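# Commentary on secondary and tertiary structure
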Amino acid sequence: GMNPNTSELLKEKHSMNAAVRAVVRMGLYVGAKVYFIHEGYQGMVDGGDNIREASWESVSSMLQVGGTVIGSARCKEFRTHEGRLKAAHNLVQRGITNLCVIGGDGSLTGANLFREEWSGLLTELVEQGLIEQDSVQKYSALHIVGMVGSIDNDFCGTDMTIGTDSALHRIIEVVDAIMTTAQSHQRTFVLEVMGRHCGYLALVSALACGADWVLIPEMPPEDGWEDKMCQKLSATRSRGTRLNVIIVAEGAIDRSNTPITTDYIKDLVVKNLGFDTRVTILGHVQRGGTPSAFDRILASRMGVEAVLALLETTANTPACVVSLCGNQSVRLPLMECVEMTQEVQKAMDEKRFEEAVKLRGRSFENNLKTYKLLAHRKPDNFNVAVLNVGAPAAGMNAAVRSAVRVGISEGHKVFAVSDGFEGFYKGQEIKWADVGGWTGQGGSLLGTKRRGSLPFGALYCFLMAPLFHHCTSSPPHNTQPPLMDAKALGSALQGFLSLLELLTAREKYEEFCVPMVMVPATVSNNVPGSDLSIGADTALNAITSTCDRIKQSASGTKRRVFIIETMGGYCGYLASVGGLAAGADAAYIYEEPFDIRDLQANVEHLTEKMKTSIQRGLVLRNENSNENYTTDFIYQLYSEEGKGVFDCRKNVLGHMQQGGAPSPFDRNFGTKISAKAMQWVTRKLGETFRQGRVFANSEDSCCLLGMRRRALVFQPVVQLKGETDFIHRIPKEQWWLKLRPLMKILAKYKTSYDVSDSGQLEHVVHNRPKELDASVAM
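Residues numbered from 1 in each chain as written. Predicted model: local features only at pLDDT ≥ 70, side-chain atom pairs only at ≥ 80, totals over all residues. Heavy atoms only, no water.

## Focus: the side chain of Asn622
Within the secondary structure, Asn622 sits in strand E21 (residues 616-622). Discounting residues that sit within four places of it in the chain, Asn622 has contacts with Thr566, Met567, Gly568, Gly569, Tyr570, Cys571, Gly572, Ala575, Tyr588, Ile589 and Tyr590. (Helix = DSSP H or I, 4+ residues; strand = E, 2+ residues; numbered from the N terminus. Contact = heavy atoms within 4.5 Å.)

Laid out in structure tokens, this is it:
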């Protein structure tokens, strides 16, 4: 085809650099010339040195830098006809006809207007004698693809905009710091987070830190909310909580459109309750710092998708926006998204708040549902057990807290089973207040034990039986004897294997004829039936930040390659996706067999690159990728072959990947998926309750709740048996293997990229499946 020229425009946002790097490298990979336009539209109008050709090296070491390296500026001139005429002239002179614009709806609308006027502008330039007539035919159409970067996440049609996850990381860091210092004093904190028109950041950070109260523009509180809030605060106080957190979006309003300020809330709490109250305004803290792993991966995937979309546009396709829906890339018409975003604003101005929430999309709606669920309680009904199985994963505690509170609000008595299956016979009831402050805790507060060589079968049923009998023998007030409904929340395959065994045990023991559901929680992300699992995002962040630090530690004159070993059992997820986020040159995994020739080729490729462009090399190796090519072996091989060009260091990351405070993504994923699981349990208990007892014997009453592309789905574990490689404890097919070529392209390999899965143009309104309302993007 032609040699299209791609160029980029940016506004100051998080992890834009990862997107820029991906667009540049993918552009070069497909044979295009790529230009940077510095300082946004201003640079396009001024031309000259602001428009520079980009090379592969010019985007090295961009991943870990916050903000945008090529700068951005708001531009009045571009809003005028003359300004756009100048811009068109500058582009035609360099033969640029493809623009990749990263920004909010203002920048994107501007881009679309420019595209519509394009042929008119060229005609004018010919009349003024500034360009030749043949340029008009040659550059007849301007193609535009947008990527949304707005940390408020207020753009319709995308689940998650670039930069949102990083902003959440900053907010949660502040909240966690406040929570640890405040444990010693009784205090109330009022936090203001960004979001003039959109409560997304406020809502999600409230979910992620278990705030007592949240105020957002989309859901103005009922009149008289002040008293309600104060009651709630004093109630949590009387239950022994020393700390209250209230989160306020900067655009929060009440029913009569009056702004609700942090100071108003502070005075209210002080006046009514006399609590020591502090106000913290997060402001620009939310934009600073290094981008999170999720954002780098999102930005890299979307950058590549943007280049593919540009290559496929024709003169009559509408300008589109590339985005992520669940775990899948989609392309949406730019103007439809902008119109939808404006509709939300209109609905809010006209006080049609329910509608505004609906228009925001299902991700937002789900968060709101979950938040409301976690705030109320109902009378007793059934007994439900919650347990963690297998190794701990960050985010498990958020999941347990959510399961417990949703269970209680659905009217159940919830029993916490500590230390996995062994704790089953001494399960204790767990109350609403017992799980306060759990969302931010790392590890597993319930305790998990890996199931060793304990003889399964008789022993367990014997251990479980006393609990079941104890539960059935004392009928509560409503005279229907409750049953213990075993709900396993837990680590991947251990939980999965246990559920399969419990399912077979149903034939022998009626006690197991109860609804059972498993939620995937493991850093390895190797659960069959789920694209993502609780804990994996935290592990990726641990890997990414370690790699960043390691790369920086070595900023001397010497060229150096780091060999890093990651966890994951036989599953290469952490090594591959971590490699993509950290900008690795290679990632060795079990699923993609490699031999000595591959290792040789990798070393040679790295040596070539080291001579010309980069100072630091990064190679990741999954712990079980190959029994003979160990981390030591690879380290020694690289050391020998790199003599005279670079030296080597090795690092085994070990258990640090499991520990630490859970990331916002894991807290929210855990909270949301557990709430959904507990609602399913309630529904199943209702369906299977016959003649005064629960009897659930069908395959679909023993499920795994997993993320599949765009939706959270309940899948009978029996059906997943066929999809699992039990020896290596991994699913037979893994979606993330498709991301591997991406890492290679970004590391300058000539490789083939499978575009069959890239997004197709869809319409904004149709892309919301009614039933499967599961947005994993928080």
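## Looking at the sheet that holds strand E26 (residues 711-716)
Taken in spatial order, the three strands make up an open sheet running E17-E25-E26, and their pairing is mixed. Edge positions in the open sheet fall to strand E17 (516-518) and E26, since each of these has one partner strand only. The average undirected angle you get between the axes of adjacent strands in this sheet is 30°. (Pairing = 2+ DSSP bridges. Axes fitted to C-alpha atoms, helices over the stretch in contact; angles between N-to-C directions.)

## As for unusual backbone geometry
For Glu39, which is not glycine, the phi dihedral falls at a positive 60°. As for its placement among the helices and strands, Glu39 is situated in the loop between strand E2 (33-37) and helix H2 (40-46). For Glu39, a relative accessible area of 34% gives the class partly exposed. At Asn257, a residue that is not glycine, the phi angle is positive and equals roughly 65°. With respect to the secondary-structure elements, Asn257 resides in the loop between strand E8 (243-249) and helix H9 (262-273). (Buried < 20%, exposed > 50% of the residue type's maximum accessible area, 1.4 Å probe, protein only.)

## Topic: the side chain of Thr724
Assignment of secondary structure puts Thr724 in strand E27 (residues 724-725). With relative accessibility at 4%, the residue Thr724 sits in the buried group. Reaching out from Thr724, the side chain makes a polar contact with the backbone oxygen of Leu720 at a distance of 2.8 Å. (Polar contact = N/O pair within 3.5 Å; in protein donor to acceptor, adjacent residues only side chain to side chain.)

## Focus: the UniProt feature "binding site: Mg(2+)" (unreviewed entry) in the protein
The positions that UniProt labels "binding site: Mg(2+)" (unreviewed entry) are, in the present scheme, Asp105. Assignment of secondary structure puts Asp105 in helix H4 (residues 105-127). (UniProt positions renumbered as here; feature names shortened; annotations may be inferred.)

## Quick word on the sheet that holds E21
Paired through backbone hydrogen bonds, the strands of a sheet run either parallel or antiparallel to each other. Within the open sheet, the four strands sit side by side as E20-E21-E19-E22. Their pairing is parallel. Each of the sheet's edge strands pairs with one partner strand only, and the pair in question is strand E20 (586-588) and strand E22 (647-652). Taken over all neighbouring pairs, the strand axes of this sheet differ in orientation by 20° on average, direction set aside. Pairing geometry for strand E19 (residues 560-566) and E21, over seven bridges, is parallel. Pairing of Thr566 across the sheet is with Asn622, part of E21. Docked against the sheet, helix H17 (residues 536-553) engages E19, E21 and E22, running at close to 160° with respect to E19.

## Describing the packing of helix H10 (residues 293-312) against H17
How two helices sit against one another is set out by the angle between their axes and by the gap between those axes. Relative to each other, H10 and H17 sit at 90°, their axes nearing to 8 Å. Classed by the angle they form, the pair H10 and H17 counts as roughly perpendicular. Residues Ala293, Phe294, Arg296 and Ile297 of H10 touch H17, and the partners they reach there are Asp537, Leu540, Asn541, Thr544 and Asp548. (Parallel < 35°, antiparallel > 145°, perpendicular 65-115°, else oblique.)

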